[in-house]
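Here is what each chain is made of, one letter per residue.
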Amino acid sequence: MQTVITAKNNDKIKAAVRLRDSARARREEGLFFLEGARLCADAASNTAVMRLFYTEKAAEKYENEILFLQEKAEDICLVSEDISLKLSDTFSPQGIFCVCKTIDKKHYIDKIYGSAKLIALENIQDPANLGAIARTAEALGIEGAVLCGCCDIYNPKAQRAAMGSLLRLPILNTENMPEALKNFEGRGYITLVSTPNEKAVDITQCNLGEKTICVIGNEGKGVTEETSRAAMQLVRVPMKGRAESLNASMAAAIIMWELMR
């Protein structure tokens, strides 16, 4: 059954905006908010769609996606263009939005420990960086990610940058990265930390094992000292010119390329 919503103060609209803007709301309710035809369709293939919002223009332009989402959604809402603008946090909204259930990533723990090449992220705070790293990881064949102190993976900006990868990629959350590295070392992994430190070994010169995990640190502060001491090896991306460091997502991309090469 479809509901037509024309009032911006509708409770369903207010609830969706709250999920869009608040990581706390997403954690407490176990739900997250997405917008865009492709992202919503990807989500519907990976988790339950609790509510679909769409405009008449979107139904005309993205007919196949809307039909697919209507089959998946528990609640369907046709909204006006004004409400579409209220729901959107992009410059050019497509007029398609979903409220979905968060994915229980704990089911991926065994898969994480059985993977050969992993990326670990410590205190990554920019959602765009987090999403870009996840998208690159999936594209290169990295089999999972370990996260510590990072921004919410269900942040809309992270989801847009990931283009579905954060939903599909096995993820292990930890509150103690040094402890996690020691755990992986005990399971036969080579543990690495990426740093611009001059004492670090160029990643291109490292003897990488079959099972390897590398940590990428915070955009401004890098990896914590405790995590650096816990790793078996410090590595860096060789650079020329006057740049002292790389953007976190760019450094991660190069590191992951080398891990897979």
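Please refer to the structure placed before this passage.
Residues numbered from 1 in each chain as written. Predicted model: local features only at pLDDT ≥ 70, side-chain atom pairs only at ≥ 80, totals over all residues. Heavy atoms only, no water.

> Any chance you could explain the sheet that holds strand β2 (residues 31-35) here in plain terms?
Strands in a sheet are paired, the pairing made by backbone hydrogen bonds, and the direction either parallel or antiparallel. Overall, mixed pairing links the 5 strands, which are arranged β1-β4-β3-β5-β2 in an open sheet. Single-partner strands in this sheet number two, and they are β1 (2-5) and β2. Shown here is a sheet whose adjacent strand axes are inclined to one another by a mean of 20°, direction ignored. Packed on one face of the sheet, helix α5 (residues 63-72) meets β1, β3 (49-54), β4 (75-79) and β5 (96-101) and runs near 145° to β3. (Pairing = 2+ DSSP bridges. Helix = DSSP H or I, 4+ residues; strand = E, 2+ residues; numbered from the N terminus. Axes fitted to C-alpha atoms, helices over the stretch in contact; angles between N-to-C directions. Contact = heavy atoms within 4.5 Å.)

> What exactly am I supposed to notice about the packing of helix α8 (residues 127-140) against helix α13 (residues 248-260) here?
Packed helices, taken two at a time, are described by their axes: the angle between them and the distance between them. Between α8 and α13, the shortest axis-to-axis distance is 9 Å and the interhelical angle comes to 15°. Between α8 and α13, the crossing angle belongs to the class labelled roughly parallel. The way α8 lies across α13 gives a crossing that is right-handed. In this structure, α8 contributes N129, A132, I133, T136, A137 and L140 to the contact, and α13 contributes A248, S249, A252, A253, M256, W257 and M260. When its residues are assigned to classes, the contact of α8 with α13 shows 10 nonpolar, 3 polar and no charged. (Parallel < 35°, antiparallel > 145°, perpendicular 65-115°, else oblique. Left-handed = near helix turned anticlockwise from the far one by under 90°. Nonpolar A, V, L, I, M, F, W, Y, C, P; charged D, E, K, R; others polar.)

> What exactly am I supposed to notice about the sheet that holds strand β12 (residues 233-236) here?
Strand order in the open sheet formed by 7 strands is β8-β7-β6-β11-β9-β12-β10, and the pairing between neighbours is parallel. The two strands at the open ends of the sheet, each matched to only one other strand, are β8 (171-173) and β10 (201-202). Relative to β8, strand β7 (residues 145-148) runs parallel, the two sharing 3 bridges. Looking at the pairing, L147 lines up with N173 of β8.

> What is the right way to read the packing of aromatic side chains from this model?
For any pair of aromatic rings, the description rests on two quantities: the centre-to-centre distance and the angle between the ring planes. A full pass over the atoms with the stated rule returns 4 aromatic pairs. Measuring from ring centre to ring centre gives 4.6 Å for F32 and Y154, while their planes differ by 35°; the resulting arrangement is tilted. Here F32, found in strand β2, pairs with Y154, found in the loop between β7 and α9 (156-162); they are 122 residues apart in sequence, far enough to count as distant. What makes Y154 buried here is its relative accessible area of 8%. Here the aromatic residues Y113, F184 and Y189 are joined through ring pairs into a cluster of three or more. Note that R187 overlies the ring of Y113, its terminal NZ or CZ placed 3.7 Å from the centroid. (Phe/Tyr/Trp six-rings, centres within 6.5 Å; stacked < 30°, edge-to-face > 60°. Buried < 20%, exposed > 50% of the residue type's maximum accessible area, 1.4 Å probe, protein only. Lys NZ or Arg CZ within 6 Å of the ring centre and 35° of its normal.)

> Honestly, the nonpolar core in this entry has me stumped. Any pointers?
If you look at soluble globular proteins, the nonpolar side chains tend to sit buried side by side. Grouped together as the largest cluster of nonpolar side chains are 54 residues, with contacts concentrated most on L52, I96, L121, L147 and I255. The residues touching I96, leaving out its near neighbours within four places in the chain, are L34, E35, G36, A37, C40, L52, F53, A58, Y62, I66 and L69. (Core = buried A, V, L, I, M, F, W, Y, C linked by side-chain atoms within 4.5 Å.)

> Mind showing me how you'd approach the environment of L34 here?
The topology assignment puts L34 in strand β2. Relative accessible area serves as the criterion here: at 2%, L34 is assigned to the buried category. Taking the C-alpha atoms as reference, L34 lies 11 Å from R51; in sequence the two are 17 residues apart. Residues contacting L34, with those up to four places away along its chain left out, are L39, C40, A43, I96, F97, C98 and Q159.

> How do you make sense of the pattern of salt bridges when you look at a structure like this?
Any two side chains of opposite charge can pair if their charged atoms end up close together. With the rule as written, the count across this model stands at 14 salt bridges. Here D89 ties to R160 by a salt bridge, and the two come within 2.9 Å at their closest N and O atoms. Note that D89 is positioned in the loop between α6 (81-87) and β5 and R160 in helix α9, a separation of 71 residues in sequence. In this structure, the salt-bridge partner of E138 is R168, at a minimum N-O distance of 2.8 Å. Residue E138 is located in helix α8, and its partner R168 is located in helix α10 (residues 165-168); the two are separated by 30 residues in the primary sequence. Three or more residues are tied together by salt bridges with common partners; here these are K12, R51 and D75. (Salt bridge = Lys/Arg side-chain N within 4 Å of Asp/Glu carboxyl O.)

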